[in-house]
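Each chain, letter by letter, is given below.
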Amino acid sequence: MSLAPRVVLVHRRTELDELLARHGTRGQAEFFLRTRGRDLAEVTEADAAVRAALATASAAIPLDWRRGEVERADLDRFLFTPEDVVVVVGQDGLVANVAKYLDGQPVIGVAPAEPGVLVRHPVEAVADLLRATDDVEHRTMAELTADDGQRLLALNEIYLGHAGHQTARYRLGTGGAVERQASSGILVGTGTGATGWCGSVWRDRHSGLRLPAPGEARLVWFVREAWPSPATGTTHTEGELTKAPLTVEVESDRLVAFGDGLEADTVALTRGQTATFAPAAKTVRLVR
């Protein structure tokens with residue numbers, strides 16, 4: 001007998017949850033918000049919208065299917081299985097957060113309020129979408145592989161640089177060319193991330209690169225604020241990755257890499273280590 005699918009609801013703590021954890025009571029949370037010109041009512045309404053969406057999504061799961069639930073903070077300790085259907089209830093960033101822990105499971109992005117780029121579905125559509133998980137679009141991911149076996153995946157972008165965003169020193173290798181650089185770090189982004197951090201850098205420098213489409217197996221990379229010196233250059237500060245990878249040999253005492261803005265989940269690299277960037281072999285299967 002085949003195993004019934006399992007629906008895993010993914011969410012994050014709401015702002016109200018975080019305020020209560022920090023301040024202890026609603027009264028204290030309300031006072032804190034008032035000092036910043038905000039009202040507890042808006043936070044309470046947003047919390048209620050998320051809870052209602054989670055309840056509606058849970059009710060849409062067929063009775064003979066299994067179910068699970070996980071908060072964003074616990075994703076690195078949660079075991080996803082091949083039979084899972086992942087329902088993300090929240091904002092676009094939550095899809096990016098869960099993506100690196102998946103391996104081919106379909107993802108349904110549900111918006112508690114206004115739809116986004118990745119959480120595009122109303123919660124009322126969950127019942128139908130659970131029966132249509134073969135209709136997916138594949139989103140390319142970026143992958144960093146270190147010479148000691150460490151790996152990092154990201155749906156939007158990977159940042160490599162100094163933990164305190166100070167000067168990062170390294171040797172950058174691309175297309176056979178090698179250049180020693182000093183900069184504020186390197187961004188390697190996907191087509192999904194082209195609307196975010198990488199897109200901002202691209203616009204700011206009026207880059208002539210063509211940004212990739214979300215499902216395109218091509219990445220773009222940008223060196224942030226590289227500056228010249230007798231020992232460092234600025235010739236190679238942007239490019240694209242398809243077949244040839246981007247390599248970075250660390251010359252600082254310690255650099256870190258993190259994906260999709262999650263600075264708490266990092267890969268640490270020390271002097272002499274090499275990191276390689278390339279499109280990931282696996283993709284995210286986002287239900288249309």
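From a predicted model like this one, the values you see are computed outputs, not experimental measurements.

(A) Molecular detail of the overall build of the chain. A tally of helices and strands in the chain yields 6 helices and 17 strands. By the compact-globule yardstick of 19 Å for 288 residues, the chain fits well, its C-alpha radius of gyration being 21 Å. Projected onto its principal axes, the C-alpha positions of the chain cover 65 × 55 × 35 Å. Per-residue burial for the chain yields a buried fraction of 47% across its 288 residues. If you take every contact in the chain between residues at least 6 apart in sequence, the share linking residues at least 24 apart comes to 66%. On the chain, roughly 13900 Å² of surface is accessible, and the fraction owed to carbon and sulfur atoms is 50%. In the chain, 32 side chains carry a positive charge and 39 a negative one; their mean positions are 2 Å apart.

(B) Local environment of the sheet that holds strand β15 (residues 254-259). With antiparallel pairing, 6 strands are arranged side by side in an open sheet as β13-β12-β11-β8-β15-β16. Two strands bound the open sheet, and with one partner strand each, they are β13 (238-241) and β16 (266-270). In this sheet, neighbouring strand axes are inclined to one another by 15 degrees on average, regardless of whether the strands run parallel or antiparallel. With 4 bridges joining them, strand β12 (residues 219-223) and β13 adopt antiparallel strand pairing. Of the residues in β13, the one forming a bridge with Leu 219 is Leu 241. Seen against the sheet, helix α6 (residues 197-204) touches β8 (157-161), β11 (186-189) and β12 and runs at an angle of roughly 115 degrees to β11.

(C) Main features of unusual backbone geometry. Unlike most non-glycine residues, His 165 shows phi in positive territory, near 60 degrees. Within the fold, His 165 resides in the loop between β8 and β9 (168-174). One non-glycine residue, His 206, lies in positive phi territory at about 55 degrees. With respect to the element layout, His 206 can be found in the loop between α6 and β12.

(D) Broad picture of the packing of helix α2 (residues 26-34) against helix α3 (residues 40-59). Interaxial distance between α2 and α3 falls to 9 Å at its minimum, and their mutual angle equals 120 degrees. Here α2 is positioned oblique relative to α3, judged by the angle of their axes. Facing α2, whose interface residues are Arg 26, Glu 30 and Leu 33, α3 presents Leu 40, Val 43 and Thr 44. Its residues assigned to classes, the contact of α2 with α3 comprises 3 nonpolar, 1 polar and 2 charged.

(E) Just the pairing of strand β14 (residues 246-250), in detail. Going residue by residue along β14, you find Leu 246, Val 248 and Val 250 tucked away on one face and Thr 247 and Glu 249 left uncovered on the opposite face. Bridge analysis of β9 against β14 gives 5 bridges, and the strand direction is antiparallel. Pairing of Gly 173 across the sheet is with Thr 247, part of β14.

(F) How the structure looks around the pattern of salt bridges. This model, assessed by the stated rule, comprises 20 salt bridges. For Glu 42, the salt bridge identified is with Arg 38, shortest N-O distance 3.3 Å. One connected set of salt bridges, linked through shared partners, spans Arg 210, Glu 216, Arg 218 and Glu 240.

About the criteria used
- Residues numbered from 1 in each chain as written.
- Predicted model: local features only at pLDDT ≥ 70, side-chain atom pairs only at ≥ 80, totals over all residues.
- Heavy atoms only, no water.
- Helix = DSSP H or I, 4+ residues; strand = E, 2+ residues; numbered from the N terminus.
- Rg over C-alpha atoms; globule rule 2.2 N^0.38 Å.
- Buried < 20%, exposed > 50% of the residue type's maximum accessible area, 1.4 Å probe, protein only.
- Contact = heavy atoms within 4.5 Å.
- Areas by Shrake-Rupley, 256 points an atom, 1.4 Å probe, with all protein chains shown as cover.
- Lys, Arg positive; Asp, Glu negative; His and termini not counted.
- Charge placed at Lys NZ, Arg CZ, Asp CG, Glu CD.
- Pairing = 2+ DSSP bridges.
- Axes fitted to C-alpha atoms, helices over the stretch in contact; angles between N-to-C directions.
- Parallel < 35°, antiparallel > 145°, perpendicular 65-115°, else oblique.
- Nonpolar A, V, L, I, M, F, W, Y, C, P; charged D, E, K, R; others polar.
- Salt bridge = Lys/Arg side-chain N within 4 Å of Asp/Glu carboxyl O.

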